[in-house]
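Structural characterization, general
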Amino acid sequence: MSDHQLAGDHHPSPASAVTTALGPLLLLPSELLHDILIRLALPELLRVRSVARPLSHVISSPDFRRLYHLSSASSGPGPAAAWLLVFKKLRPRDAALRGFHGPSGRWFRIPVSAILAPAVPPGEDLYFLAASGSSFLFAANGRRELVVVDLSAHAARRLPPSPLGPRGTSSWRRFGLKLVADPPGSSQFRFLFAELVNNSAFLFEYQSETDTWQSSEAVQVEGASAAAGPDGTFLCAAHAGPDCVMVYSGPGVERPVFFRPRFPQNQNGADRLHVYGDGRAAVVRSTVIDEPSRSRVKVVAGVDLYGFVSVGGDWQLVSTVPGELIEGFRKPYAVMTGLLSEREGMVRLVLISNCRGAWDIVWLSYDLAHGEWRWVPVPDWGTKGLNMAGIAVSSTFSRLWPPVNVLASP
């Protein structure tokens, strides 16, 4: 499936012809017109704004922007407000992010090479770490530093070294880091990561507003304590299968704390994958397919979701993915990894697998309030031989409102 540009090509018709074609639409009451436009994904909305000038004033108005942001924030159990973002390394220097939008079922290309050029020297090996709002965070392996891209400002800059000093791409663990737009909707952000340093758990935080780092040593909490607040942050400082060290910071504690939660049953085994994120854990159970004519492969047999009742407590089973959903994406794989996130009552699990050079992506979402699982089919976009260098889920990308030229092709 081909990519779609986030800011579409200009319409070949004269402006007067476009205005004539939109005539009946422009006669609609503003409330009805808004209701139609807020159903568009951000790429379609930017395209309409760029080719239909009579509608650009409506789309750019503060009232409509506020309405669109509220709609994205309350999109229900589906993935409407979330984007699956994949970084694809290309040569020569033509790095690009691909963003998959669930409701439209399409991939969009988010060019970043031109934005990265002033901050990243030619030949640098980049890895995509995280995204939130208009900020996209990368790790540069050669220079061993962090680079942030701000789509709304069409700019990139290098972050100062963390208190742990320069770090290569292999030092960053997906389960132990988080990027947060702060305040929401702004270009300012906080970047947090947890790490074990000399067997002690530490929380490190970078604030873009001050361009400074802070570090705090976490204290161990014995037994279950207060419930985690909605604005709290869970990060996995270390993990080995079912064994992990969780760090929590936020309401209910005066300083960061760490604990070692246990699963209710034995989770050891080569056929179990543990994925951690935002105070949740997903356990992917697989079975081996024994076929003499092919290399050893597995298929997913079940997925269990776990969470905490309180800070310092053990893992508690939240839900199990229904078997009929498992059958929908039950494909052979050789290796698998994943990411897990939660925002506004929606848990999103992405499983990335490879079999003989072909990549497959499974996207699941779980509505905590309604107890509903959904599988979002992700179409292939030429991933065979893909040089994938990072993947993330952002539920705030649809609330980004950049100028038209920010998302144009490089």
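Residues numbered from 1 in each chain as written. Predicted model: local features only at pLDDT ≥ 70, side-chain atom pairs only at ≥ 80, totals over all residues. Heavy atoms only, no water.

Some details on the overall build of the protein
Within the protein one finds 8 helices and 25 strands. Expressed as a percentage of the 410 residues in the protein, the buried residues total 50%. Taking as baseline every contact in the protein between residues at least 6 positions apart, the subset at least 24 positions apart corresponds to 56%. (Helix = DSSP H or I, 4+ residues; strand = E, 2+ residues; numbered from the N terminus. Buried < 20%, exposed > 50% of the residue type's maximum accessible area, 1.4 Å probe, protein only. Contact = heavy atoms within 4.5 Å.)

Some points on unusual backbone geometry
Of note, the phi angle at N198 is positive, near 55°, even though the residue is not glycine. Looking at where N198 falls in the secondary structure, it is placed in the loop between β10 (189–197) and β11 (200–207). A positive phi angle, close to 55°, is found at D211, a residue other than glycine. Tracing the backbone through its elements, the reader meets D211 in the loop between β11 and β12 (212–217).

Examining the nonpolar core
When a protein is soluble and globular, its nonpolar side chains tend to lie buried together. In this structure, M246, Y276, V300, W315 and L349 are the most contacted members of the largest nonpolar core, which totals 37 residues. L349 has contacts with V275, A282, V303, L339, L340, V362, W363 and L364, leaving out every residue within four places of it along the chain. Grouped together as the second largest cluster of nonpolar side chains are 22 residues, L85, V120, L126 and V149 included. (Core = buried A, V, L, I, M, F, W, Y, C linked by side-chain atoms within 4.5 Å.)

What about the pattern of salt bridges?
Tallying each qualifying case throughout the model produces 14 salt bridges. Here R173 ties to E195 by a salt bridge, and the two come within 3.8 Å at their closest N and O atoms. You can see R173 sitting in the loop between β8 (155–158) and β9 (177–181) and its partner E195 sitting in strand β10, a full 22 residues away along the chain. For the salt bridge of E342 with R280, the shortest nitrogen-to-oxygen distance reads 2.7 Å. Of this pair, E342 sits in strand β21 (residues 335–343) while R280 sits in strand β18 (residues 280–289), and the two are 62 residues apart along the sequence. Taking the relative accessible area as the measure of exposure, R280 reaches 15% and is therefore buried. (Salt bridge = Lys/Arg side-chain N within 4 Å of Asp/Glu carboxyl O.)

Some points on helix α5 (residues 53–60)
Those residues of α5 that fall on the buried side of the exposure criterion are L55, S56 and I59. In an axial view of α5, the angular spread of the buried residues amounts to 115°, which keeps them on one side of the axis. (Arc of directions from axis to C-beta.)

What about the pairing of β9?
Of all the 5 residues making up β9, 4 are buried; the element is thus mostly covered by neighbouring parts of the structure. Where β9 meets β10, 5 bridges bridge the pair, whose relative direction is antiparallel. Following the sheet pairing, A181 is matched in β10 by F189. (Pairing = 2+ DSSP bridges.)

Some thoughts on the sheet that holds strand β22 (residues 346–355)
Strand order in the open sheet formed by 4 strands is β21-β22-β23-β24, and the pairing between neighbours is antiparallel. Each of the sheet's edge strands pairs with one partner strand only, and the pair in question is β21 and β24 (372–376). Strand after strand, the sheet turns through a mean of 20° between neighbouring axes, direction not considered. For β21 and β22, the ladder comprises 9 bridges, and the chain directions are antiparallel. Counted as the bridge partner of S341 is R348 from β22. (Axes fitted to C-alpha atoms, helices over the stretch in contact; angles between N-to-C directions.)

A short note on the environment of S395
On the secondary structure map, S395 appears in the segment after β25 (388–394). Look at S395 and you get buried, because its relative accessible area is 12%. Taking the C-alpha atoms as reference points, S395 and L84, separated by 311 residues in sequence, lie 8.9 Å from one another.

Thoughts on the packing of aromatic side chains
Considering all chains together, one arrives at 26 aromatic pairs under this definition. A ring pair is formed by F175 and Y276, whose centres lie 5.8 Å apart and whose planes are at 75°; its orientation type is edge-to-face. Of this pair, F175 sits in the loop between β8 and β9 while Y276 sits in strand β17 (residues 272–277); the two residues are 101 residues apart in sequence, bridging distant segments of the chain. Assessed through its relative accessible area of 11%, F175 is described here as buried. Centre to centre, the rings of F193 and F204 are 4.8 Å apart; their planes meet at 20°, and the pair counts as stacked. Placement of the pair is F193 in strand β10 and F204 in strand β11, with a sequence separation of 11 residues. Like F204, F193 is buried. (Phe/Tyr/Trp six-rings, centres within 6.5 Å; stacked < 30°, edge-to-face > 60°.)

Focus: the confidence of the model for the protein
In the predicted model, the protein carries a mean pLDDT of 81, and the fraction of residues at 70 or more is 79%. The low-confidence segment residues 7–19 (pLDDT under 50) makes 15 contacts with residues lying over four places distant or belonging to another chain. Confidence drops under pLDDT 50 across residues 401–410; counting only partners more than four residues distant or on other chains, this segment forms 36 contacts. (pLDDT = per-residue confidence, 0-100.)

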